[in-house]
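# Observations on the model geometry
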Amino acid sequence: MPRRFVIAPLPATHIDQAFPVVQPLRPGFTPAQWRALAAPFAEAGDARGIVACRMGSGHIRGLFCYALDEAGVLRVGPFAVAGLFDAPATADGLIEAAGQVAQRLGASRIVVKCDALAVTAVPHCDLADLFAHRGYRVEGDALVSESASSAPAVANA
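The structure contained in this document is the topic of the report that follows. What you are looking at is a predicted structure, and each value in this text was computed from that prediction instead of being measured.

### Focus on helix α2 (residues 31-42)
Of all the positions in α2, only W34, A38 and F41 are classed as buried. Each buried residue of α2 sits inside an arc of 35 degrees when the element is viewed along its axis, so together they form one side. In this fold, the buried residues of α2 make contact with α1 (19-22), β2 (48-55), β3 (60-68) and β4 (73-84).

### Quick look at a nonpolar patch on the surface
Together, L84, F85 and V122 give the surface a local cluster of nonpolar side chains, amounting to about 340 Å² of exposed area. As for its placement among the helices and strands, V122 is situated in strand β6 (residues 117-122). Residue classification places V122 among the partly exposed positions, given a relative accessible area of 47%.

### Some words on the side chain of R61
Looking at where R61 falls in the secondary structure, it is placed in strand β3. The contacts of R61, once residues within four sequence positions are left out, are F5, V21, C53, R54, M55, A80, V81, A82, G83, L84, D86 and T90.

### A few points about helix α3 (residues 87-105)
Relative to the 27 Å expected for 19 residues at 1.5 Å per residue, α3 spans 27 Å between its end C-alpha atoms, a close match to the ideal helical length. Taken together, the buried positions of α3 are occupied by A87, T90, A91, G93, L94, I95, A97, A98, V101, A102 and L105.

### Concerning the side chain of R54
Looking at the secondary structure, you find R54 in strand β2. With no salt bridge to any partner, buried R54 finds its closest opposite charge in D16, at an N-O distance of 11 Å. Among the polar contacts made by the side chain of R54, one reaches the side chain of H14 at a distance of 2.6 Å. Here the side chain of R54 touches G58 through a polar contact of 2.9 Å, landing on its backbone oxygen. Sequence-distant contacts of R54, that is, excluding residues within four places in its chain, are made with R4, F5, V6, L10, P11, H14, Q17, H59, I60 and R61.

Rules and cut-offs
- Residues numbered from 1 in each chain as written.
- Predicted model: local features only at pLDDT ≥ 70, side-chain atom pairs only at ≥ 80, totals over all residues.
- Heavy atoms only, no water.
- Buried < 20%, exposed > 50% of the residue type's maximum accessible area, 1.4 Å probe, protein only.
- Helix = DSSP H or I, 4+ residues; strand = E, 2+ residues; numbered from the N terminus.
- Arc of directions from axis to C-beta.
- Contact = heavy atoms within 4.5 Å.
- Patch = residues over 30% accessible without salt bridge, like charges linked within 9 Å, V, L, I, M, F, W, Y side chains within 5 Å.
- Areas by Shrake-Rupley, 256 points an atom, 1.4 Å probe, with all protein chains shown as cover.
- Salt bridge = Lys/Arg side-chain N within 4 Å of Asp/Glu carboxyl O.
- Expected span 1.5 Å × (residues − 1).
- Lys, Arg positive; Asp, Glu negative; His and termini not counted.
- Polar contact = N/O pair within 3.5 Å; in protein donor to acceptor, adjacent residues only side chain to side chain.

Right, dumping it as structure tokens:
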């Protein structure tokens, strides 16, 4: 049976389901802390959100939160992936989705703080290497990419 991934916005009603994926970010991270961290991203609005990668069955394999700042920079974090054998594919799909979000919002750059990356995978999955393969470079404590489009996003009619 082939595996299918679905990458799409995570509805606010599914935030609790994502907790096991983001828990490795910080030892002792609680569901209440995750809800508090996720709440501003889950609010309605185009300039911020949560994108999740799910199996066809609905099981969450990874996610990232994003917010477009006033300077037109898409800030990504947390970025978390979990999985057995398919974590690199999940991460790569999410990295591509971040680029699509940046393009849709007309972001000039994408910045991912390295301390906001989390991966729980067997075998090991090197997120920094996957970002590098997608054109990100290290700047201080962040991975940075120039967005494919810095033009304002145009809404589809």
